[in-house]
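Reading the structure
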Amino acid sequence: MKPRKIPLRKCVACQQMMAKKELIRVVKTPNDELLIDLSGKKAGRGAYLCGKLSCFKLAKKSRALDRALKSTVSPEIYDSLEQDFIKVEDEFIAGKDAVDDEDE
């Protein structure tokens, strides 16, 4: 049987290509809400970030999410996303480790 193709995405901050499961998706919903989407299935325009806080800070500084989501992201939203990102980071790392264990 042919091996499955692993979908790749690029981090909007560091521009590194990684497997989709290794990145955190920030989504702009049709209602113009900005959310962190760990499932990767929410409707809307998505942008991917590495699971590192340093990448999020780089994206905030360079306004990379504005370009990727094709809309202006206010500083208040960046601040709330940063708080969400910190909360989600540990959960994301734990989920990624579980996936890696299953692959072996």
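Description of the structure in this document.

The rules we used
Residues numbered from 1 in each chain as written. Predicted model: local features only at pLDDT ≥ 70, side-chain atom pairs only at ≥ 80, totals over all residues. Heavy atoms only, no water. Pairing = 2+ DSSP bridges. Helix = DSSP H or I, 4+ residues; strand = E, 2+ residues; numbered from the N terminus. Axes fitted to C-alpha atoms, helices over the stretch in contact; angles between N-to-C directions. Polar contact = N/O pair within 3.5 Å; in protein donor to acceptor, adjacent residues only side chain to side chain. Contact = heavy atoms within 4.5 Å. Buried < 20%, exposed > 50% of the residue type's maximum accessible area, 1.4 Å probe, protein only. Phe/Tyr/Trp six-rings, centres within 6.5 Å; stacked < 30°, edge-to-face > 60°.

Quick look at the sheet that holds strand β4 (residues 34-37)
With respect to topology, 3 strands assemble into an open sheet ordered β4-β3-β5, the strand pairing being antiparallel. Of all the strands in the sheet, the pair left with one neighbour each is β4 and β5 (45-50). Going from strand to strand, the sheet's axes swing by 30° on average, the running direction of each strand aside. One ladder, built from 6 bridges, connects strand β3 (residues 23-28) with β5; its direction is antiparallel. Bridge assignment links Val26 to a residue of β5, and that residue is Ala47.

Remarks on the side chain of Arg25
Secondary-structure assignment places Arg25 in strand β3. In this structure the side chain of Arg25 is engaged in a polar contact, spanning 3.0 Å, whose partner is the backbone oxygen of Gly44. In this structure Arg25 touches Leu35, Ile36, Asp37, Gly40, Lys41, Lys42, Gly44, Arg45, Gly46, Ala47 and Tyr48, once residues within four positions along its chain are discounted.

Points about the pairing of β3
Judged by how many residues are buried, β3 sits mostly within the fold: 6 of 6 residues are covered. Here β3 shows two buried faces, one formed by Leu23, Arg25 and Val27 and the other by Ile24, Val26 and Lys28. For β3 and β4, the ladder comprises 4 bridges, and the chain directions are antiparallel. When the bridges of β4 are listed, Arg25 appears paired with Asp37. Taking the residues that link successive antiparallel strands as the turn, the β3-β4 hairpin has 5 residues, and the phi of Asp32 there is positive, at about 65°.

With respect to the packing of aromatic side chains
Per the counting criterion, the structure on display carries 2 aromatic pairs. Both rings, one in Phe56 and one in Tyr78, keep their centres 6.5 Å apart while their planes meet at 65°; by these two values the pair is edge-to-face. One end of the pair, Phe56, is in helix α1 (residues 53-62); the other, Tyr78, is in helix α3 (residues 75-103), with 22 residues separating them in the sequence. Overall, the relative accessible area of 1% leaves Tyr78 in the buried class. Here Phe56 and Phe85 contribute two aromatic rings whose centre-to-centre distance is 5.1 Å and whose plane-to-plane angle is 25°, an arrangement assigned as stacked. Taken together, the positions of Phe56 in helix α1 and Phe85 in helix α3 put the pair 29 residues apart, joining distant regions of the chain. Like Phe56, the residue Phe85 is buried in the burial classification. The rings of Phe56, Tyr78 and Phe85 are connected pair by pair, giving a single aromatic cluster.

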